[in-house]
Amino acid sequence: MAVQISPSILSADFSRLAEEAKAVQGADWLHVDVMDNHFVPNLTLGVPVVESLSRATDTPLDCHLMIEQPDRWAPAYVEAGAGSVTFHAEAAAAPVRLAREIRAKGARASMALKPATPIEPYEDLLPELDMLLVMTVEPGFGGQAFLDIMLPKIRRTRELISRHGLEMWLQVDGGVSADTIERCAEAGADVFVAGSAVYGADDPAAAVRALRRQAEETTAKAGWARGH
Ligand SMILES: O=C(CO)[C@H](O)[C@H](O)COP(=O)(O)O
Ligand SMILES: [Fe+2]
């Protein structure tokens, strides 16, 4: 199980997205938060911006769709160049069909859970997914405080993934920082989104390296990591 860091451009300067993407060279992914002002009370960017960004950087794009009707829109984000597309369980009408469509178009398929959405009803869907995103804030805004109460859900999700013998990744998003990343890694997360902790730093690339080091050290120590 390899630690991956996905800086969120939600906390970047939107007037200089190409430069901001290059400022985190060395990151595994670039996390792109798509918000439609319906699923969440905020509005960010859409398909044309993702298309331009995918041409402007070699870092693969990890698109987090906080939108209604992901069944209709998610395939367009794959066509726009996203390497991974995450839809919300609460918004998808047919998550299995949607995950299969995302995979068939050539991207990794991922599903996100808001803080109040349990993982257990989705256990049988896990083999259809390449990644599960456990939100550690209410989606909609960057810079919010990490919700410690989500740690048991991260732990239960990791246990389910292990029990089913799956290779899928477990992402955490929201309030991930030097203060919280070790708790996430200890609970079983392996893909870490960080917005304000990376783009709020004087040296974003150094912040990515520091977060990676912390997560790797914790992962190496954690008992559940053995054998993965
Ligand atoms: O999906 C998100 C918010 O809905 C963002 O990815 C997340 O909040 C990142 O920002 P920060 O690390 O500052 O919390
Ligand atoms: Fe996100």
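- Taking an unreviewed UniProt entry as the reference, the chain is identified by name as Ribulose-phosphate 3-epimerase belonging to Streptomyces xinghaiensis.
- Under the heading Pathway (unreviewed entry), UniProt records this for the chain: "Carbohydrate degradation."
- Listed in UniProt under the heading Sequence similarities (unreviewed entry), the comment for the chain reads: "Belongs to the ribulose-phosphate 3-epimerase family."

1. Quick notes on the nonpolar core
Then, in step 1: Counting 63 residues, the largest nonpolar core has Ile9, Val32, Ile102, Leu132 and Phe192 as the members making the most contacts within it.
Then, in step 2: Once residues within four sequence positions are removed from consideration, Val32 is found in contact with Ile9, Leu45, Val50, Leu53, Leu61, Asp62, Cys63 and His64.
Then, in step 3: Judged by nonpolar contacts, the second largest core, of 5 residues, contains Met35, Phe39, Val40 and Ala91.

2. Overview of the coordination of the iron ion (ligand 2)
Then, in step 1: Protein coordination at the iron ion (ligand 2): the donors are His31 (NE2), Asp33 (OD), His64 (ND1) and Asp173 (OD), at 2.1 to 2.3 Å from the metal.
Then, in step 2: Every donor counted, the 6 donor atoms about the iron ion (ligand 2) form angles of 72 to 174 degrees at the centre, which fits octahedral coordination.
Then, in step 3: Look at where the donors of the iron ion (ligand 2) fall in the sequence and you get H-x1-D-x30-H-x108-D. One end of the pair, His31, is in strand 2 (residues 30–35); the other, His64, is in strand 3 (residues 61–66), with 33 residues separating them in the sequence.
Then, in step 4: His64 sits in the buried class, given a relative accessible area of 0%.

3. What about the UniProt feature "active site" (unreviewed entry) in the chain?
Then, in step 1: Feature annotation in UniProt assigns "active site" (unreviewed entry) to the following positions: Asp33 and Asp173. Despite a sequence span of 141 residues, these residues sit close together in the fold, their greatest C-alpha distance being 10.5 Å. Residues from the named set that contribute to the lining of the largest cavity are Asp33 and Asp173.
Then, in step 2: By the element assignment, Asp33 lies in strand 2.
Then, in step 3: Its relative accessible area of 6% is what places Asp33 among the buried residues.
Then, in step 4: Discounting chain neighbours no more than four positions away, the residues touching Asp33 are Ser8, Leu10, Thr44, Leu45, His64, Met66 and Asp173.
Then, in step 5: Within the local environment of Asp33, its side chain forms a polar contact with the side chain of His31, the two groups lying 2.9 Å apart.
Then, in step 6: In this fold, Asp173 is placed in strand 7 (residues 169–173).
Then, in step 7: The residues touching Asp173, leaving out its near neighbours within four places in the chain, are His31, Asp33, His64, Leu133, Val134, Met135, Thr136, Val137 and Val193.
Then, in step 8: Of the polar contacts made by the side chain of Asp173, one reaches the side chain of His31; its length is 3.1 Å.

4. Quick look at the site of ligand 1
Then, in step 1: Around ligand 1 sit 20 residues in total, of which Asp33, Gly140, Asp173, Gly195 and Ser196 are the nearest.
Then, in step 2: Phe141 places a main-chain nitrogen or oxygen 3.3 Å from an oxygen atom of ligand 1.
Then, in step 3: At a separation of 2.7 Å, an oxygen atom of ligand 1 approaches a polar side-chain atom of Asp173.
Then, in step 4: Out of a free accessible area of 370 Å², ligand 1 has 100% covered by protein chains.

5. Notes on the packing of helix 3 (residues 70–79) against helix 4 (residues 95–104)
If you want to describe how two helices pack, look at the angle between their axes and the distance between the axes.
Then, in step 1: Remark: helix 3 packs on helix 4, axes separated minimally by 9 Å, with the N-to-C direction vectors making an angle of 15 degrees. Judged by the inter-axis angle, helix 3 sits roughly parallel to helix 4. Where helix 3 crosses over helix 4, the two elements pack in a sense that is right-handed. Mapping the contact onto sequence places Pro70, Asp71, Ala74, Pro75 and Val78 in helix 3 and Leu98, Glu101 and Ile102 in helix 4.

Criteria and cut-off values
Residues numbered from 1 in each chain as written. Chains lettered and ligands numbered in written order. Predicted model: local features only at pLDDT ≥ 70, side-chain atom pairs only at ≥ 80, totals over all residues. Heavy atoms only, no water. UniProt positions renumbered as here; feature names shortened; annotations may be inferred. Core = buried A, V, L, I, M, F, W, Y, C linked by side-chain atoms within 4.5 Å. Buried < 20%, exposed > 50% of the residue type's maximum accessible area, 1.4 Å probe, protein only. Contact = heavy atoms within 4.5 Å. Donors = N, O, S within 2.8 Å, 3.2 Å for Na, K, Ca; no water. Tetrahedral: all angles 85-135°; square planar, octahedral: opposite > 155°, others 65-115°. Helix = DSSP H or I, 4+ residues; strand = E, 2+ residues; numbered from the N terminus. 1 Å grid on protein atoms, 1.4 Å probe; cavity = no way out; pocket = protein on both sides within 12 Å on 5 of 7 lines; lining within 4 Å. Polar contact = N/O pair within 3.5 Å; in protein donor to acceptor, adjacent residues only side chain to side chain. Near = heavy atom within 4 Å. Areas by Shrake-Rupley, 256 points an atom, 1.4 Å probe, with all protein chains shown as cover. Axes fitted to C-alpha atoms, helices over the stretch in contact; angles between N-to-C directions. Parallel < 35°, antiparallel > 145°, perpendicular 65-115°, else oblique. Left-handed = near helix turned anticlockwise from the far one by under 90°.

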